[in-house]
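Summary of structural features
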Amino acid sequence: MAARSAGLVPDALNQRFQAPATRREFCILAVQLISALHPELVPETQDTSAYQATFWDYEMTGSDALAKRADAAAGLGIIAGRSDGSFDPFAPVTRQDAAVILVNTAKLLGAESNTEAARFADLMAASEYAQSAIQTVSSLQTSSGERLMGGSGDKFLPTQPYTIEQAISTMYRLYSIAS
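Now for a description of the structure that goes with this document. (Residues numbered from 1 in each chain as written. Predicted model: local features only at pLDDT ≥ 70, side-chain atom pairs only at ≥ 80, totals over all residues. Heavy atoms only, no water.)

Along the protein, the regular secondary structure elements total six helices and zero strands. Along the protein, helices (α) and strands (β) appear in the sequence α-α-α-α-α-α when read from the amino end. In the protein, which comprises 179 residues, the proportion classed as buried is 47%. A sequence separation of at least 24 residues applies to 75% of the contacts in the protein between residues at least 6 apart. Of the roughly 8,600 Å² of accessible surface on the protein, 49% is carried by carbon and sulfur atoms. (Helix = DSSP H or I, 4+ residues; strand = E, 2+ residues; numbered from the N terminus. Buried < 20%, exposed > 50% of the residue type's maximum accessible area, 1.4 Å probe, protein only. Contact = heavy atoms within 4.5 Å. Areas by Shrake-Rupley, 256 points an atom, 1.4 Å probe, with all protein chains shown as cover.)

Here we come to the side chain of Thr163. Within the secondary structure, Thr163 is located in the loop between α5 (128-138) and α6 (164-178). Not counting the four nearest positions on each side in its chain, Thr163 is found in contact with Phe17, Gln18, Ala19, Pro20 and Ala21.

Moving on to the environment of Ala12. Within the secondary structure, Ala12 sits in the loop between α1 (2-5) and α2 (23-37). Counting along the chain gives 13 residues from Ala12 to Glu25, while the straight-line C-alpha distance between them is 9.4 Å.

This is the structure:
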């Protein structure tokens, strides 16, 4: 409810909370957050034509406002896609990919680590590109002491999917940290 009140949840994502969030949906939420805090970075009329060729497997359609949000994620530098040049927009976002996107979003918003990083027993199970981001997301916390992203016990579970509910909650925590 708080995330909705803050304008962080597009109507199209205000459902299926227990379903895994797709990579596209997670990027849409990240750009929605950026837009809520710094609308000048993501104007509604933003020309995203420069981003359309970024990924070979994802093409924006001009009338799809949510697609513009996903394309803006590439333009803002919060996503880079897969090593083969694809975006894989409808694949579930993994916890390690969510961590990378969150760290890039936090940097864009000027949020900095404000507590010691958690120690995860399964950190080495994460892809090398995500290990630093996993440490960083656990070192950002709200004023009430909630980590931006934690784990389950001493495990981060890097390859597990992230649900829409978790994605919305995390974006709200980052909103609280960055505002």
